[in-house]
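Now for the letters of each chain:
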Protein chains: 2
Amino acid sequence: MDATIAVAAANQRYYDAFEARDLDAMSDLWEHSPRVVCTHPGWATLRGWGPVAASYFTLFQGAQQLQFVLTEARSVVAGDTAWVSLDENLLGDQGGVTVATLNIFVRDDEPNGWQMVCHHGSVVHPALAE
Amino acid sequence: MDATIAVAAANQRYYDAFEARDLDAMSDLWEHSPRVVCTHPGWATLRGWGPVAASYFTLFQGAQQLQFVLTEARSVVAGDTAWVSLDENLLGDQGGVTVATLNIFVRDDEPNGWQMVCHHGSVVHPALAE
């Protein structure tokens, strides 16, 4: 499979797992290593798979089930590493919010394929939107 | 030079250029290409070197000269790509703020060495700090 397409598919699996609150699918996507980092909007950075996994466990217990509309997604493959920049548009009771996001993947041997090693999301302040 | 040390040095050049408001040094550090992305805290993502360069020009004109205390910096090299996760601790008139940051670099031929392709910073909400 073309690498850019495979990376985009891995990126989509992240959001599918999140919307479905599927901890197994989220676990399959992430590399289980100390080098992974995850920054949820407004959170301190979580380092290593243990704290990252725990954060999704907590988020998936939350009252609000999130739905993502993804825009401006661009994947760049550089050897066995790739990054995806995109906007997560979240619809909620209080109106919408846009989360500017950067995801990093590394190519692993099959069957895992591209695995997530970094996720960083931050809310775009309405006054600073383009 | 060991790649991890070279990446850490490139990362440090980013903050040196920022503190010195040195647009030439910042320009030398970044890859000048359409694939670069930059998300300043609370901002929408800027895509491509033109908008990214303009943002530093604007920031460097601002009244407040920033000073960064960097903590928790960890560099990971994966082939010709590397990412650095760190906390930027900013001291200001109104007390301190921590910016969770993810920087990505790609290896280029000398003399440029490692060049920045992504910068993403987001303010850590005090209630969500570790």
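Right above here is the structure, for reference.
Not measured: the values here are computed from a predicted model.

**Student:** Can you walk me through the packing of helix α1 (residues 3–20) of chain A against helix α3 (residues 49–61) of chain A in this structure?
**Tutor:** Two quantities define a packed helix pair, namely the angle between the axes and the distance from one axis to the other. Residues and elements named next belong to chain A. Close contact between α1 and α3 brings their axes to 9 Å; oriented N to C, the two are set at 45°. In terms of axis orientation, α1 runs oblique to α3. For the pair formed by α1 and α3, the contact residues are Y14, A17 and F18 on the first element and Y56, L59 and F60 on the second. For the contact of α1 with α3, the class distribution of residues is 6 nonpolar, no polar and no charged.

**Student:** Looking at this structure, how should I read the state of the cysteines?
**Tutor:** As used in these notes, a disulfide is a covalent bond between sulfur atoms, one from each of two cysteines. One pass over the full model with this rule turns up 0 disulfides over all chains. Residue C38 of chain A stays outside any disulfide, its sulfur separated by 9.2 Å from that of C118 of chain A, the closest cysteine.

**Student:** I'm lost on the relation of the copies chain B and chain A in this one. Help?
**Tutor:** Here the two chain copies are tied together by a rotation about an axis and a shift along that axis. It takes a turn of 180° to lay chain B on chain A, together with a shift of 0.0 Å along the axis; the resulting RMSD is 0.0 Å. What the rotation and shift describe, once combined, is the action of a two-fold rotation axis. When C-alpha positions in chain B are compared against the rotation axis, the closest is assigned to S122 of chain B, at 2.9 Å. When the interface residues of chain B are mapped onto chain A, 100% of them again fall at the interface, so both copies present the same face.

**Student:** I keep staring at the interface of chain B and chain A and nothing clicks. Help me out?
**Tutor:** Reports of interface size often rely on the accessible area that becomes lost once the parts have come together. In this complex, chain B contributes 35 residues to the contact, which on the side of chain A involves 35 residues. There are 2 salt bridges connecting chain B and chain A. Inspection of the region where chain B meets chain A yields 8 residue pairs in polar contact (both at pLDDT 80 or more). Listing elements by their share of the side of chain B that touches chain A, those giving two or more residues are β1 (37–39), β2 (46–47), β3 (68–78), β4 (81–92), β5 (95–107) and β6 (114–123) of chain B. When residues in the side of chain B that touches chain A are grouped by element, the largest group, 6 residues, is from β6 of chain B. Classifying every residue of the side of chain B that touches chain A by side-chain character gives 19 nonpolar, 10 polar and 6 charged.

**Student:** What am I meant to see in the side chain of N89 of chain B here?
**Tutor:** Residues and elements named next belong to chain B. With respect to the helices, strands and loops of the structure, N89 is situated in strand β4. Reaching out from N89, the side chain makes a polar contact with the side chain of T98 at a distance of 3.0 Å. Beyond its immediate chain neighbours, meaning those up to four positions away, N89 contacts Q67, F68, V69, L70, T71, V97 and T98.

**Student:** I'm lost on the packing of aromatic side chains in this one. Help?
**Tutor:** Aromatic rings considered in pairs are described by the distance between their centres and by the relative angle of their planes. All names here are of chain B. Per the stated rule, a full pass over the model turns up 20 aromatic pairs over all chains. Taking the centre distance of 6.0 Å and the plane angle of 85° together, the rings of Y14 and Y56 count as edge-to-face. Placement of Y14 in helix α1 (residues 3–20) and of Y56 in helix α3 (residues 49–61) is noted, with a sequence separation of 42 residues between them. Taking the relative accessible area as the measure of exposure, Y14 reaches 1% and is therefore buried.

**Student:** Sorry if this is basic, but what is going on with the pairing of strand β5 (residues 97–107) of chain A here?
**Tutor:** Taken residue by residue, a regular strand's side chains alternate between the two faces of the sheet. All names here are of chain A. Counting buried positions along β5 yields 8 of 11 residues, so the element is predominantly enclosed. Of the pairings in the sheet, the one linking strand β4 (residues 81–90) to β5 comprises 10 bridges and is antiparallel in character. Each residue of the ladder has a partner; that of N89, found in β5, is T98.

**Student:** Can you help me understand the pairing of β4 of chain A in this one?
**Tutor:** Residue and element names in this part refer to chain A. For β4, the buried fraction is high: 10 of the 10 residues fall into the buried class. The two faces of β4 match: T81, W83, S85, D87 and N89 on one face and A82, V84, L86, E88 and L90 on the other face are all buried. The turn joining strand β3 (residues 68–78) and β4, which pair antiparallel and follow one another in sequence, is formed by 2 residues; a positive phi near 70° is taken by G79.

**Student:** Can you walk me through the pattern of salt bridges in this structure?
**Tutor:** Side chains that differ in sign of charge can pair as their charged atoms come close. Residue and element names in this part refer to chain A. Evaluated as defined, the whole model comprises 8 salt bridges over all chains. For R35, the salt bridge goes to E31, with nearest N and O atoms at 2.7 Å. Note on E31: relative accessible area 13%, which makes it buried.

**Student:** Help me understand empty space enclosed by the protein, please; the structure alone is not making it clear to me.
**Tutor:** Over the atoms, a rolling probe the size of a water molecule traces out where space has been left empty. All told, the structure shown has 2 cavities of 30 Å³ or more when counted by the stated rule. Its boundaries defined by the atoms lining it, the largest cavity holds a volume of some 40 Å³. The set of elements that each furnish at least two residues to the lining of the largest cavity consists of β1 (37–39) and β6 (114–123) of chain A together with β5 of chain B. Here the element with the most residues in the lining of the largest cavity is β5 of chain B; it accounts for 3 residues. For the lining of the largest cavity, a count of residues per class yields 3 nonpolar, 6 polar and no charged. By volume, the second largest cavity amounts to about 40 Å³.

Calculation criteria
Every chain begins its residue count from 1, and numbering advances along the sequence as written. The naming scheme follows written order: chains are lettered A onward, ligands numbered 1 onward. A pLDDT threshold of at least 70 governs which residues receive local features in this predicted model, and a stricter bar of 80 or more applies before side-chain atom pairs are shown or counted, although totals over entire chains, interfaces and linings include all residues. Only hydrogens and water are removed before side-chain values are computed, so all heavy atoms of the structure are retained for them. Note on geometry: axes are lines fitted to C-alpha atoms, helical ones only across the stretch in contact, with angles between N-to-C directions running from 0 to 180 degrees. Each helix is a run of H or I in the DSSP string that is no shorter than four residues. Each strand is a run of E no shorter than two, and both are numbered from the N terminus. The cut-offs work like this: below 35 degrees is roughly parallel, past 145 is roughly antiparallel, 65 to 115 is roughly perpendicular, and the gaps in between are oblique. The criterion used for residue contact is that any of the two residues' heavy atoms lie within 4.5 Å. Here the term charged refers only to Asp, Glu, Lys and Arg, the term nonpolar to Ala, Val, Leu, Ile, Met, Phe, Trp, Tyr, Cys and Pro, and the term polar to all other amino acids, Gly among them. Disulfide: a pair of cysteine sulfur atoms within 2.5 Å of each other. Here the copies are matched by least squares. The fit uses the C-alpha atoms of residues with pLDDT of at least 70 in both. Criterion for a salt bridge: a side-chain nitrogen of Lys or Arg within 4 Å of a carboxyl oxygen of Asp or Glu. For the purposes of these results, a polar contact is taken to be a pair of N or O atoms within 3.5 Å, where, inside protein, one atom must be able to donate a hydrogen and its partner to accept one; residues adjacent in sequence count only when each atom of the pair is a side-chain atom. Planes of paired rings set the category: under 30 degrees apart is stacked, over 60 is edge-to-face and the rest tilted, where pairs are Phe, Tyr or Trp rings (Trp by its six-membered ring) whose centres lie within 6.5 Å. The buried label applies to any residue whose accessible area, calculated with a 1.4 Å probe on protein chains only, is under 20% of its type's maximum; exposed applies above 50%, and partly exposed to all values in between. Whether two strands pair depends on DSSP finding at least two bridges between them. Think of a 1 Å grid over the protein atoms and nothing else: a 1.4 Å probe that fits but is trapped marks a cavity, an open set flanked by protein within 12 Å on at least five of seven lines marks a pocket, and residues with an atom within 4 Å of a point count as lining. Grid points are joined across faces, edges and corners, and a volume is the space filled by probe spheres set on the points.

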